[in-house]
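Architecture at a glance
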Amino acid sequence: RTPARATSASASLQMGVDTFRSSLKLCYGPKAHLELKQKSFPKGVKSWYYPRKTNPLLSALQLFISFFIWHYFLWGSMASLILFILYFFGAMSKVTVYIVVIAYFAQLFFYYPQYGRGWSPYWKYILNSTISDFGLGYFDAWLVQEAPLNPKKRYMFGWAPHGLLGVCRIGSGGTWWLEAFPDIFGRWGSFGMAFYIPGVREFSLMVGACDASKETLAGRIQDGESIHLIPGGIKEMMLTDQSSTDTQLVLRNRNGFIRLAWEYGLDVVPVFCFGEKWTSTRVLLPAFLRRIMARFRMAGTMLTGRWGTLMPLIDHPKRGELSIGWVFGEAMSVKKQQLKEISAEEEGDIRRVFDSLDTNKDETIDVEELRGAVREEKVRTVLPLKRLLREMSREAGTMMDFDQFRKWCRGELAIIQIHARYVSEMHRIFETYKVGMFVV
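What counts, and at which threshold
Residues numbered from 1 in each chain as written. Predicted model: local features only at pLDDT ≥ 70, side-chain atom pairs only at ≥ 80, totals over all residues. Heavy atoms only, no water. Helix = DSSP H or I, 4+ residues; strand = E, 2+ residues; numbered from the N terminus. Contact = heavy atoms within 4.5 Å. Areas by Shrake-Rupley, 256 points an atom, 1.4 Å probe, with all protein chains shown as cover. Core = buried A, V, L, I, M, F, W, Y, C linked by side-chain atoms within 4.5 Å. Buried < 20%, exposed > 50% of the residue type's maximum accessible area, 1.4 Å probe, protein only. Lys, Arg positive; Asp, Glu negative; His and termini not counted. Salt bridge = Lys/Arg side-chain N within 4 Å of Asp/Glu carboxyl O. Polar contact = N/O pair within 3.5 Å; in protein donor to acceptor, adjacent residues only side chain to side chain. Axes fitted to C-alpha atoms, helices over the stretch in contact; angles between N-to-C directions. Parallel < 35°, antiparallel > 145°, perpendicular 65-115°, else oblique. Left-handed = near helix turned anticlockwise from the far one by under 90°. Nonpolar A, V, L, I, M, F, W, Y, C, P; charged D, E, K, R; others polar. pLDDT = per-residue confidence, 0-100. Phe/Tyr/Trp six-rings, centres within 6.5 Å; stacked < 30°, edge-to-face > 60°. Lys NZ or Arg CZ within 6 Å of the ring centre and 35° of its normal. Pairing = 2+ DSSP bridges.

Another aspect to go through is the overall build of the protein. Within the protein, the regular secondary structure consists of 16 helices and 14 strands. Residue pairs at least 24 apart in sequence account for 77% of intrachain contacts in the protein once pairs closer than 6 positions are excluded. Accessible surface computed for the protein: about 22700 Å², of which carbon and sulfur atoms make up 59%.

Next up, the structure:
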């Protein structure tokens, strides 16, 4: 197509999508919470409420959409069943079935949208559509925004907790997002194996997910996109226990997302999802299977939901109907690669660590000296020396004098400081909203 025709086609598509959204929004859209319920939220925050549908027709539609969304792990099996039915009733020949199957699996290994722009821009029309509104309504969802974001900037959204099914992710969907965060679209970082599992691959690409490797995320940031990450990951997922009254987060030493934000100058937005842990029942796999799966960065657990399916539960064992809530905290300002101003005490600590690493006493540290210190664990410090070893090992013979080491330390201390602020904000959000967001 010529650029003019492409622009025209894109405009027509956008017009059609907007019309479709508007027509559906008449029967389903977010409403201000003050018009519906009294919640103990702080003054000045902005919130949206998606009530669970009571109309029989809309309730059935909500149920169907939610069932389909949360069984994305079975989309591949559903597609296989459809192919079999079409073949069994003569609507598709055996040769055609073979061609479809071979073509599908071929594109798994030769088509890599997860490392680039994905299915852009079409995923936005799915993630932030009325389809996701129905998904939010299934949870009787509340969404709170503590402060508006600048649409000209890009952000790192740090979400918690992960939960068993990752229910928190749907908080980034729905038409409410277009009102709360106009022109801010985030890409979810997903583990690489997800894009090689039939069904999971398609679901991930449909909601704008990309590979969670640093190189891929850096490319999305450089293209002007925001990032969504759940730092707790699989470990936090394994700690999810519906029978416990404790909500456990895995945040210690999980500062990779902060480092990425620091390197590219993304402000960090803390996001807490309330009620996630009650949406599924954990089923732990045998210990030997958990150890094997951990090597492939996969969770050694299964789950059951409503009616024994993967569909999330909506009833709390003690308080009846469950309502899920999301709080988007105020953005934490992060300046690109800004070094921390250190005190005299910190200066002394940096000198002490350097002298401990400099076993040759030649005012430089090299890879071998650092490797020995890391292996023997003889240097006690909050600085990530293993990371420094990896960085120095990339180039044979790399050495570092005190000034270079001091500069590196100031960068690492800045990251640690930002991470501490993030943890503090997540704790504040939990303590502030735990009553209004229904937490026991």
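Here the narrative resumes.
This brings us to the nonpolar core. One finds Leu143, Phe157, Trp159, Trp176, Trp326 and Phe328 to be the most contacted residues of the largest nonpolar core, which totals 55 residues. Top element by residues in this core is helix 2 (residues 56-70). It accounts for 4 residues. In terms of nonpolar packing, the next biggest core, distinct from the first, is built from 32 residues, Val144, Ala160, Leu217 and Ala261 among them.

Bringing the side chain of lysine 277 into the picture now. Within the element layout of this structure, lysine 277 appears in the loop between strand 7 (267-274) and strand 8 (281-284). Despite its burial, lysine 277 remains without a salt bridge, the nearest opposite charge being carried by aspartate 241 at 6.6 Å. A distance of 3.1 Å separates a polar side-chain atom of lysine 277 from the backbone oxygen of aspartate 241. Side-chain polar atoms of lysine 277 contact the backbone oxygen of aspartate 246, separated by 2.4 Å.

This next bit is on unusual backbone geometry. Residue proline 121 is reached from serine 120 by a cis peptide bond, and omega for that bond is 0°. A cis geometry characterises the amide bond from alanine 160 onward to proline 161, with omega recorded as -10°. Mapping proline 161 onto the fold places it in the loop between strand 3 (155-160) and helix 7 (176-180). The backbone phi angle of glutamine 337 is positive, close to 50°, even though this residue is not glycine. Inspection of the secondary structure puts glutamine 337 in the loop between strand 12 (325-328) and helix 13 (344-357).

A word on the packing of helix 9 (residues 214-222) against helix 11 (residues 256-264). For the pair helix 9 and helix 11, the least separation of the axes is 11 Å and the interaxial angle reads 40°. Between helix 9 and helix 11, the angle falls in the class oblique. Considering how the two elements wind past one another, helix 9 and helix 11 form a crossing that is right-handed. Counting all contacts with helix 9, which are made through Lys214, Leu217, Ala218, Ile221 and Gln222, the residues of helix 11 involved are Leu260, Glu263 and Tyr264. Across the contact of helix 9 with helix 11, the residue classes break down as 5 nonpolar, 1 polar and 2 charged.

Detailed reading of the predicted coordinates is not advisable wherever pLDDT falls low. Within the protein, residue pLDDT values average 85, and 89% of them lie at 70 or more. Low pLDDT (under 50) marks residues 1-13, which in the prediction has 4 contacts with non-local residues, meaning those over four places away or in another chain. Across residues 16-38 the pLDDT falls below 50, and counting only partners more than four positions away or on other chains, this stretch makes 40 contacts in the model.

Each aromatic ring pair is specified by the distance between its two centres and by the angle formed by the two planes. Scanning the entire structure with this criterion turns up 32 aromatic pairs. Residues tryptophan 177 and phenylalanine 328 carry aromatic rings whose centres are separated by 5.8 Å and whose planes lie at 70° to one another, so their mutual orientation is edge-to-face. Taken together, the residues tryptophan 177 in helix 7 and phenylalanine 328 in strand 12 connect sequence positions 151 residues apart. Across the pair, exposure class does not vary: tryptophan 177 and phenylalanine 328 are buried alike. Members of the aromatic cluster, joined through ring pairs, are Trp48, Tyr155, Phe157, Trp159, Trp176, Trp177, Phe181, Trp188 and Phe328. In this structure, lysine 277 is placed above the aromatic ring of tryptophan 278, and the distance from its NZ or CZ to the ring centre is 5.1 Å. Above the plane of the ring of phenylalanine 402 lies arginine 351, whose end atom (NZ or CZ) is 4.3 Å from the centre.

Our focus in this paragraph is the sheet that holds strand 5 (residues 210-211). Sheet architecture is open: 8 strands sit in the order 1-2-12-7-3-6-4-5, paired in mixed fashion. In this open sheet, the two strands that pair with only one neighbour each are strand 1 (46-50) and strand 5. Two elements, strand 2 (residues 141-145) and strand 12, share 4 bridges in a ladder whose sense is parallel. Looking across to strand 12, one finds that glutamine 145 is bridged to phenylalanine 328. Strand contacts of helix 6 (residues 130-138): strand 1, strand 2 and strand 12, with the helix running at about 85° to strand 1, the strand carrying the most contacts. Each of strand 2, strand 3, strand 7 and strand 12 is contacted by helix 16 (residues 402-433), which is oriented at about 35° to strand 7, the strand it contacts most.

Across all of its chains, the model carries 19 salt bridges by this definition. Between lysine 214 and glutamate 263 there is a salt bridge; the shortest N-O distance is 3.0 Å. With lysine 214 in helix 9 and glutamate 263 in helix 11, this pair connects stretches of sequence that are 49 residues apart. The partly exposed category is assigned to lysine 214, whose relative accessible area is 38%.

As for its position among the elements, leucine 383 is in the loop between helix 14 (367-376) and helix 15 (385-393). Its relative accessible area of 9% is what places leucine 383 among the buried residues. A sequence separation of 29 residues divides leucine 383 from glutamate 412, and the C-alpha atoms of the two residues are 6.8 Å apart. Among residues more than four places away in sequence, those in contact with leucine 383 are Phe405, Trp408, Cys409, Glu412 and Leu413.

Across the interface, helix 2 lies against helix 6 with an axial gap of 9 Å and an inter-helix angle of 100°. Accordingly, the angle class assigned to the pair helix 2 and helix 6 is roughly perpendicular. On helix 6, the residues that touch Leu58, Leu61, Gln62, Leu63, Ile65 and Ser66 of helix 2 are Ile131, Phe134, Gly135, Gly137 and Tyr138. Looking at side-chain class alone, the contact of helix 2 with helix 6 contains 7 nonpolar, 4 polar and no charged residues.

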